[in-house]
Every structure is written in structure tokens, then in C-alpha cells.
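Each chain, letter by letter, is given below.
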Amino acid sequence: MTHEQRRALVVFLRQHLRNLADIQTLSSTLELSSQRGFVPLDWEQKLEAFRQTPPYRAMLEEFEPLIVQFEQGASETALLELLQKTLKGRLIK
């Protein structure tokens, strides 16, 4: 794998993890909205605010060591581990 390919994959993986974290956050918002019977009009602002919280950042930072290992070219093992943990569109611990 070339350096450019590895770098492009790292960018993709970081965005993929952000998307998974957003999906989990929005899923919780939707679940709560269904219980309350309405969707808050400011759901986008609430999502942006949640992105700044420690729990959201922890979701992303949990996998950062694997991304860094892969980025530094140690091996593709870190990539495979990361992909296995994010199967089926959700973060798996």
C-alpha cells in the first residue's frame, strides 16, 4: 500500500467513525423523540452540541490508537481490527 493510499484510508476511517458516532447519537434522539411524540426542531444544533461532549469524543478517541498504528505503517493488523470492531455500522467494544 502506498503512503497516499494509506493516508486516504486514514481520512476515510476517521470520517467513518464520526459517522457511526453520529448515527448512534441520532438514533438515541429518534428513540427519545418517539417516546415524547415529537422531534425537537433544533435537533441539528443538539447534535452539534453533543459532538463537543466527553462521551462523543470518547467514542472517537477509543479507536484512535488503531488508526495511528495503521497510519504509521506498522501493519495492516490495526486496520483489520478496526474494521472488525465497526462491522454492521455500529461501534463494537
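Scope of this entry: the structure provided in the associated data block.

Here is what the cut-offs are and how they apply
- Residues numbered from 1 in each chain as written.
- Predicted model: local features only at pLDDT ≥ 70, side-chain atom pairs only at ≥ 80, totals over all residues.
- Heavy atoms only, no water.
- Helix = DSSP H or I, 4+ residues; strand = E, 2+ residues; numbered from the N terminus.
- Buried < 20%, exposed > 50% of the residue type's maximum accessible area, 1.4 Å probe, protein only.
- Contact = heavy atoms within 4.5 Å.
- Areas by Shrake-Rupley, 256 points an atom, 1.4 Å probe, with all protein chains shown as cover.
- Lys, Arg positive; Asp, Glu negative; His and termini not counted.
- Charge placed at Lys NZ, Arg CZ, Asp CG, Glu CD.
- Core = buried A, V, L, I, M, F, W, Y, C linked by side-chain atoms within 4.5 Å.
- Patch = residues over 30% accessible without salt bridge, like charges linked within 9 Å, V, L, I, M, F, W, Y side chains within 5 Å.
- Salt bridge = Lys/Arg side-chain N within 4 Å of Asp/Glu carboxyl O.
- Phe/Tyr/Trp six-rings, centres within 6.5 Å; stacked < 30°, edge-to-face > 60°.
- Lys NZ or Arg CZ within 6 Å of the ring centre and 35° of its normal.

Our next topic: the overall build of the chain. Helix and strand counts for the chain stand at five helices and zero strands. Walking the chain from its N terminus toward its C terminus, one meets helices and strands in the order α-α-α-α-α. Judged by the C-alpha coordinates and their principal axes, the chain covers about 50 × 20 × 20 Å. A total of 93 residues make up the chain; the buried ones form 24% of that total. For the chain, contacts bridging at least 24 residues in sequence account for 68% of all contacts bridging at least 6. Only carbon and sulfur atoms are counted for the fraction: they give 58% of the accessible area of the chain, which is about 6,500 Å². Averaged over its 12 positive side-chain charges, the chain has a centre that lies 3 Å from the centre of its 12 negative ones.

Okay, the nonpolar core next. Counting 11 residues, the largest nonpolar core consists of Val10, Leu13, Leu17, Leu20, Phe63, Leu66, Ile67, Phe70, Ala78, Leu79 and Leu82. Within the residue set of this core, elements represented by two or more residues are α1 (3-36), α4 (64-71) and α5 (77-85). Among the elements that make up this core, the one with the highest residue count is α1 (four residues).

On to a nonpolar patch on the surface, then. Together, Leu26, Val39 and Trp43 give the surface a local cluster of nonpolar side chains, amounting to about 240 Å² of exposed area. One can find Val39 in the loop between α1 and α2 (43-50).

Attention now moves to the packing of aromatic side chains. For the structure on display, the rule yields one aromatic pair. Against the face of Phe70 rests Arg6, its NZ or CZ located 4.5 Å from the ring centre.

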